[in-house]
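Listed below are the residues making up each chain.
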Amino acid sequence: MASTSLSLPSLKLQFPSHKSSSSRKNSSSHRVSIRPIQASVSERPPYISSPLPLPSSSPPVKQAKLPTRKVPGDYGLPLVGPWKDRLDYFYNQGKNEFFKSRIQKHQSTVFRTNMPPGPFISFNPNVVVLLDGKSFPILFDVSKVEKKDLFTGTFMPSTDLTGGYRVLSYLDPSEPNHAKLKKLMFYLLSSRRNEVIPEFHNSYSELFETLENELSTKGKAGLNAANDQAAFNFLARSLYGINPQDTKLGTDGPKLIGKWVLFQLHPLLILGLPKVLEDLVMHTFRLPPALVKKDYQRLYNFFYENSTSVLDEAEKIGISREEACHNLLFATCFNSFGGIKIFFPNMLKWIGRAGAKLHSQLAQEIRSVISSNSGKVTMAAMEKMPLMKSVVYESLRIEPPVASQYGRAKHDMVIESHDASFEIKEGELLYGFQPFATKDPKIFDRSEEFVADRFIGEEGEKLLKHVLWSNGSETENPSINNKQCAGKDFVVLVSRLLLVELFLRYDSFEIEVGASPLGAAITLTSLRRASF
């Protein structure tokens, strides 16, 4: 997610075999259990070849040249314009209406405005906004845009929050450390690849047991806090081979991460405080990093003590152990943990709202495939679940876990929307609000609807190139030379695993949806146990 999750080379690179088993209790003696499930990532998904297309005898259709327009919009008076746009963005209109109203005003999906936070945190909030699926991908082309220090947009948090280092997410591929650090992230998951599926099963089985207990005693159960704990446990166990509860950190990881992330992202968040107070405290001045120094040190100590082999590898690559550890912490806690924290509740929100019919279809597909695979959960087995895969992609499309992307023009260029061409000058900051690009009605039919089977079949698969959540197209892969989310395929894998674990265990679920500063707040009101 603009390098929002921990590294995993393409899932096409297969993992060596590894098996583990665990048992599941049945609440009815009449059920036929397909557990124990052996978690294996050893099997290669079937390779499907397609014939090369024959050369066409017809001449290519020449597209009409788009009219050239001056980029509409302006930035207003210094200080006043950015401040007014900030109030509109957060309070007067909200994000979606902020952009919709300006599209209507300028009759263009490309226009000029200011992006928060503005004064007195960022003093150059001027951007050119790209809000359609045709213009947006320019933000991924590092031959045309620079990504240096743009991970959080028009401001960069203090490096005091990351040990004094500019971590990988803030580096442009042209910087020497970018390739070294991205290689290190790839190495981390490669070295622990055997543990991903079994540890996900272990951690999220604990999550479901926690939710069931809370439901039985209170009649409802909050998902978010339990998901945070399960996510951190999973990442620590699978990537570092340690259960946090067996260390000095205990169960404090998610709480410490939450405070630390708040100090980095507070200029972009709404916490629900009185508007005047919140805008003054959260959006006008930086919170002092010293207030979370001890919390950060506890996290740093945890990662330093439990990543010896990865730190050894870092030294071989040419990165100091200290810099490597700060990057491991950021990749795990901000990128990976943050991605799971936001995306899992959002995905369950859309699936929950879709209702029992979709739940039944998912359960039938998942159980059938796993049963025919000798009860094993493998990547190859999950490749045989087209509806489940489509649901994950549709969730990423309709509500990308990272909404914003930035890039600074490296040279003068022309950007095209569906309707016009626009001249961009070297040094101008480009901004894209991703949910508008991935819900472009000129690309996606019923673009505002959650269509569970959207990506099934040949025509559905063609649309994957327009799923852009990872700072790149879903049909492209992260490399040391681009800024695509290093863990793109890891995010897809764990999202699939969540649905597999969920629908192996339950027939259906019901939810209530609320708001939170990051993603949706989900309360479960029903979990119906699987009736085999």
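The structure displayed is predicted, hence computed values, not measured ones. (Residues numbered from 1 in each chain as written. Predicted model: local features only at pLDDT ≥ 70, side-chain atom pairs only at ≥ 80, totals over all residues. Heavy atoms only, no water.)

A. The arrangement of the overall build of the protein chain in detail. Scanning the protein chain from N- to C-terminus turns up 16 helices and 13 strands. Taking the intrachain contacts of the protein chain between residues at least 6 apart in sequence as the baseline, contacts between residues at least 24 apart amount to 72%. (Helix = DSSP H or I, 4+ residues; strand = E, 2+ residues; numbered from the N terminus. Contact = heavy atoms within 4.5 Å.)

B. Spotlight on unusual backbone geometry. At the junction of Pro116 and Pro117, the peptide bond is cis and its omega measures out at 10° in the coordinates. On the secondary structure map, Pro117 appears in the loop between β3 (110-114) and β4 (126-130). Residue Phe120 follows Pro119 across a cis peptide bond; omega there is 5°. By the secondary structure assignment, Phe120 is in the loop between β3 and β4. Phi at Asp149 takes a positive value of approximately 60°, unusual for a residue other than glycine. The exposure class of Asp149 is partly exposed, given its relative accessible area of 24%. Although it is not a glycine, Asn471 adopts a positive phi angle of roughly 65°. Structurally, the position occupied by Asn471 is in the loop between α15 (457-462) and α16 (488-505). Exposure remark for Asn471: the relative accessible area of 4% places this residue in the buried category. (Buried < 20%, exposed > 50% of the residue type's maximum accessible area, 1.4 Å probe, protein only.)

C. Quick look at the UniProt feature "binding site: heme" (unreviewed entry) in the protein chain. As recorded in UniProt, the sites labelled "binding site: heme" (unreviewed entry) are Cys485. Here Cys485 is to be found in the loop between α15 and α16. Taking relative accessible area as the criterion, Cys485 reaches 0% and is therefore assigned buried. (UniProt positions renumbered as here; feature names shortened; annotations may be inferred.)

D. Seen up close, the packing of helix α4 (residues 196-218) against helix α5 (residues 223-240). In the contact formed by α4 and α5, the axes pass within 9 Å of each other and the chain directions differ by 155°. Taken as axis vectors, α4 and α5 run roughly antiparallel relative to one another. Seen along the crossing, α4 lies across α5 with a hand that is right-handed. On α5, the residues touching Val196, Glu199, Phe200, Asn202, Ser203, Tyr204, Glu206, Leu207 and Leu211 of α4 are Leu223, Ala226, Asn227, Ala230, Ala231, Asn233, Phe234, Arg237 and Ser238. Here the contact of α4 with α5 is composed, by residue class, of 10 nonpolar, 5 polar and 3 charged. (Axes fitted to C-alpha atoms, helices over the stretch in contact; angles between N-to-C directions. Parallel < 35°, antiparallel > 145°, perpendicular 65-115°, else oblique. Left-handed = near helix turned anticlockwise from the far one by under 90°. Nonpolar A, V, L, I, M, F, W, Y, C, P; charged D, E, K, R; others polar.)

E. Highlighting the sheet that holds β3. Taking strand neighbours across the sheet as the criterion, the 5 strands line up as β3-β4-β11-β8-β5 in an open arrangement whose pairing is mixed. One side of each edge strand has no neighbouring strand; the edge strands of this open sheet are β3 and β5 (145-146). For strand β8 (residues 404-409) and strand β11 (residues 429-433), the ladder comprises 5 bridges, and the chain directions are antiparallel. Following the sheet pairing, Gln405 is matched in β11 by Gly432. Along the sheet, helix α2 (residues 95-106) makes contact with β3, β4 and β11, crossing β3 at roughly 130°. (Pairing = 2+ DSSP bridges.)

F. Fine view of α5. Under the 1.5 Å per step criterion, the end-to-end length of α5 is 25 Å for 18 residues, consistent within 8% with the ideal 26 Å. Taken from the residues just after α5, Gly241 is the one with a positive phi, measuring 65°. (Expected span 1.5 Å × (residues − 1).)

G. Looking closely at the pairing of β4. Of all 5 residues in β4, 4 are buried, a share of seventy percent or more. With 5 bridges joining them, β3 and β4 adopt antiparallel strand pairing. Residue pairing for β4: Phe111 is matched across the bridge by Val129. Two elements, β4 and β11, share 3 bridges in a ladder whose sense is parallel. Bridge pairing in β11 links Leu130 to Gly432.

H. Quick look at the environment of Ala363. By the secondary structure assignment, Ala363 is in helix α11 (residues 356-372). For Ala363, a relative accessible area of 4% gives the class buried. In this structure, the C-alpha to C-alpha distance between Ala363 and Glu501, residues 138 residues apart in sequence, is 10.0 Å. Leave out the neighbours within four places in its chain, and Ala363 touches Phe503 and Tyr506.

I. Representation of the side chain of His178 in the model. Locating His178 in the fold gives a position in helix α3 (residues 176-191). Setting aside its immediate chain neighbours within four residues, His178 contacts Leu168, Leu171, Asp172, Pro173, Ile480, Asn482 and Lys483.

J. How the structure looks around the nonpolar core. In terms of nonpolar packing, the biggest core is built from 113 residues, with Tyr204, Trp260 and Ile351 touching the most fellow members. Considering every element that reaches this core, the biggest residue donor is helix α10 (residues 321-354), with 16 residues. Beyond its immediate chain neighbours, meaning those up to four positions away, Tyr204 contacts Asn227, Ala230, Ala231, Phe234, Ile340, Phe344 and Leu498. (Core = buried A, V, L, I, M, F, W, Y, C linked by side-chain atoms within 4.5 Å.)

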